[in-house]
Every structure is written in C-alpha cells, then in structure tokens.
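# Observations on the model geometry
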Amino acid sequence: MEQAVLVLIKPDGLKKSLTGNILTRLSETKLEIVAAKMVRVSKELAEEHYRHLKDKPFFGEIIKYLQGDLHDRKKVMALVYWGKDAITKCRTLAGATNPEEAEATSIRGSYGRITTSGVYENVLHVSSDDTEAEREIKLWFKPEEIIVDLYATKSAVLKDSPVKAWAEK
Ligand code: IDP
Ligand code: MG
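Right, let's walk through the structure included here.

Calculation notes
Counting restarts for each chain, with residues numbered from 1 along the sequence as it is written. Throughout, the order in which chains and ligands are written sets their labels, letters from A for the former and numbers from 1 for the latter. The predicted origin of the model limits local features to residues at a pLDDT of at least 70 and limits the giving and counting of side-chain atom pairs to 80 or more, whereas totals for whole chains, interfaces and linings rest on all residues. Hydrogens and water molecules were not included; the side-chain quantities draw on all heavy atoms of the structure. For helices the rule is a DSSP run of H or I covering at least 4 residues; for strands it is a run of E covering at least 2, with both sets numbered from the N terminus onward. Burial status follows relative accessibility: with a 1.4 Å probe on protein chains alone, a residue under 20% of its type maximum counts as buried, one over 50% as exposed, and anything between as partly exposed. As used throughout, the charge tally considers Lys and Arg to be positive and Asp and Glu to be negative, leaving His and the chain termini uncounted. Salt bridges are counted wherever a side-chain nitrogen of Lys or Arg sits within 4 Å of a carboxyl oxygen of Asp or Glu. The contact rule is simple, with two residues in contact once any of their heavy atoms fall within 4.5 Å. What makes a residue near a molecule or strand is one non-hydrogen atom of that residue sitting within 4 Å of it. As used in this structure description, the phrase polar contact means that two N or O atoms lie within 3.5 Å; if the pair is within protein, one of them must be able to donate a hydrogen and the other to accept it, and residues adjacent in sequence are counted only when both atoms belong to side chains. Per-residue and other accessible areas were derived by the Shrake-Rupley procedure at a 1.4 Å probe size, with only the shown protein chains allowed to occlude residues. Pairs were defined over the aromatic rings of Phe, Tyr and Trp, the Trp ring being its six-membered one, requiring ring centres within 6.5 Å. Orientation was assigned from the angle between planes: stacked under 30 degrees, edge-to-face over 60, tilted for the rest. Charge over a ring is defined by NZ of Lys or CZ of Arg lying within 6 Å of the ring centre and within 35 degrees of the ring normal. Pairing between two strands is assigned when DSSP locates at least 2 bridges connecting them. The directions considered for the arc run from the helix axis to the C-beta atoms. For helices, the axis comes from a line fit to the C-alpha atoms of the stretch in contact; other axes are also lines fit to C-alpha atoms, and the angle between any two N-to-C directions lies between 0 and 180 degrees.

## Considerations on the side chain of Lys-10
Mapping Lys-10 onto the fold places it in the loop between strand 1 (2-9) and helix 1 (11-15). With no salt bridge to any partner, buried Lys-10 finds its closest opposite charge in Asp-12, at an N-O distance of 6.4 Å. Apart from residues no more than four positions distant in its own chain, Lys-10 is found in contact with Tyr-50, Tyr-65, Leu-66, Val-76, Asn-122, Val-123, Leu-124 and His-125.

Quick look at the structure:
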C-alpha cells in the first residue's frame, strides 16, 4: 500500500551531525521524499504533535526536547516520505522507541541514548500509523509544501493578510 509518513530529525540528531547518516539510512527504503524543510518548533506545535502523550510523566521533557531546549539547537528537519509500506519501512529502520531496546544496527540503536533525567533521546520521529501520519503531515506542512497531492484540499482566500516576500528577485 502506498503511504506517506512524517519523519523528523530531532534536535539531538542535528546537534550530533547525523542528518546525512539518517538520510542515507532512510534512502535504503527507496521511498520518495515529497517534502522537506527546517522548522523552528514553537511550544504550541510541540504540544500539538505530542498531544496523545500529554498525561505522561515525561511530557514536559519531550516538549523541551522537540523544541531544542535540551540541545541548544532550536530546529528540527521535517520530511515526508512516500511509497509502498512507507511507515513500516521507516519505523523498522528507526528502531524501538527506547534506544537501549532498539536493535543495535537501527538508527536509534546506533545513535540514541537515555539521558540522566530519563528522556529517550532517539534522534528521529516517525509516524506510527496512517491516521497519525495524516494528522502529523497536516500539522507540519501546508499543501503547497508537498510536491504530490496526498490529501484533499480546499481553496481559501486570505483577505488582507500580510505575507513576507523577497524584497528583490
Ligand atoms: P515513538 O517516537 O517511537 O513513536 P512515542 O510513544 O510516540 O514513541 O513517544 C514519543 C517520544 O517520547 C519518543 O520518541 C521518546 O523521545 C519519548 N518517550 C516515549 N516514551 C518514553 C519513556 O517511557 N521515557 C522517556 N521518554 C519517552
Ligand atoms: Mg509516536
């Protein structure tokens, strides 16, 4: 089944200069990258992304983690991969959530760690099913930032809304 999946290279992955390694590992899947960008993550975005975990004791820490507060890297790289069985392929390469339990050769097994305060720093996020992928992709990307039509869109006219444009071309 053709699927889309959101992948985030988290602030620890960026701080450890793992972007190239992670993208190389993910390229083994032969999936297509249909969207990619760097994002400065607001508290609102992080809380919405992890809203299903808001009752967990580690919620506050993972919000700070995703925002880059733990790594002095206030950004993540967000990508959408698309193709056959994209979710299973990417999650298998990523490995288990707990980096100590992740297979040693998986991305998280290779590069993740558990901090002294108990946060699983596991260098990347991968959506876990189709419903989560759709919700997350719509949260992180606008339709025009994705080069294929993944989900239904509607036309909207934003009246008198200021936009930033290049001063010169
Ligand atoms: P996933 O990223 O493998 O889908 P989730 O359960 O969605 O795992 O958790 C989101 C993130 O929260 C994890 O990637 C990890 O950084 C952190 N996390 C999850 N469970 C724990 C835990 O038990 N202790 C500490 N951090 C956790
Ligand atoms: Mg998850």
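Additional details are given in the paragraphs that follow.
## Some thoughts on the pattern of salt bridges
Oppositely charged side chains may form a pair once their charged atoms are brought near each other. The final tally for this structure, using the stated rule, is 10 salt bridges. For Glu-145, the salt bridge is made with Lys-37, and the minimal N-O distance between the two is 3.0 Å. In this pair, Glu-145 sits in the segment after helix 7 (130-140) while Lys-37 sits in strand 2 (residues 32-39), placing the two residues 108 residues apart along the sequence. Glu-145 gets classed as partly exposed once you look at its relative accessible area, which sits at 29%. The partly exposed category is assigned to Lys-37, whose relative accessible area is 23%. Among the ionic pairs, Lys-74 bridges to Asp-69, the shortest N-O distance being 2.2 Å. Lys-74 gets classed as partly exposed once you look at its relative accessible area, which sits at 40%. Members of the salt-bridge network, linked through shared partners, are Glu-48, Arg-51 and Arg-135.

## Details of the site of ligand 1
Among the 14 residues in the neighbourhood of ligand 1, the closest are listed as Lys-10, Thr-97, Arg-108, Tyr-120 and Asn-122. Between ligand 1 and Arg-91, the relevant distance is 3.1 Å, taken from an oxygen atom to a side-chain nitrogen or oxygen of the residue. Arg-108 has a polar side-chain atom sitting 3.0 Å from an oxygen atom of ligand 1. Summarising the interface, the protein chains cover 83% of the accessible area of ligand 1, which totals 530 Å² for the free molecule.

## A closer look at the packing of aromatic side chains
By the definition in use, this model includes zero aromatic pairs. We note Lys-37 situated over the ring of Phe-141; from NZ or CZ to the ring centre the distance is 4.7 Å.

## Re the pairing of strand 3 (residues 76-84)
The buried fraction of strand 3 amounts to seven of the nine residues, a majority that puts the element mostly inside the structure. With seven bridges connecting them, strand 2 and strand 3 associate as antiparallel partners. Directly across from Lys-37, in strand 3, lies its bridge partner Ala-78.

## With respect to unusual backbone geometry
Not every positive phi belongs to a glycine, and Lys-30 is a case in point at roughly 60°. Relative to the helices and strands, Lys-30 is located in the loop between helix 2 (19-27) and strand 2. Positive phi outside glycine occurs at Asp-85, with the angle close to 50°. Looking at the element boundaries, Asp-85 is found in the loop between strand 3 and helix 5 (86-94). Classification of Asp-85 as partly exposed rests on a relative accessible area of 29%.

## Digging into helix 5
Residues of helix 5 that are buried: Ala-86, Ile-87, Cys-90, Leu-93 and Ala-94. The buried residues of helix 5 occupy an angular sector of 145° when the element is viewed end-on, so they sit on one face. Those residues of helix 5 that are exposed and angled more than 90 degrees off the buried face are Thr-88 and Thr-92. Residues of helix 5 that are buried in the fold lie against strand 1, helix 2, strand 3, helix 6 (107-111), strand 6 (124-126) and helix 7. In the segment just after helix 5, Gly-95 is the residue with positive phi, at about 95°.

## Examining the sheet that holds strand 1
The four strands lie next to each other as 2-3-1-6, forming an open sheet whose pairing is antiparallel. Both outer strands of the open sheet, strand 2 and strand 6, are each paired with one neighbouring strand and no more. Direction aside, the axes of adjacent strands within the sheet are offset by 15° on average. Of the strand pairs in this sheet, strand 1 and strand 3 are connected by eight bridges, and their pairing is antiparallel. For Ala-4, the partnering residue across the bridge sits in strand 3 and is Trp-82. Along the sheet, helix 7 contacts strand 1, strand 2, strand 3 and strand 6; its crossing angle with strand 1, the most-contacted strand, is approximately 55°.

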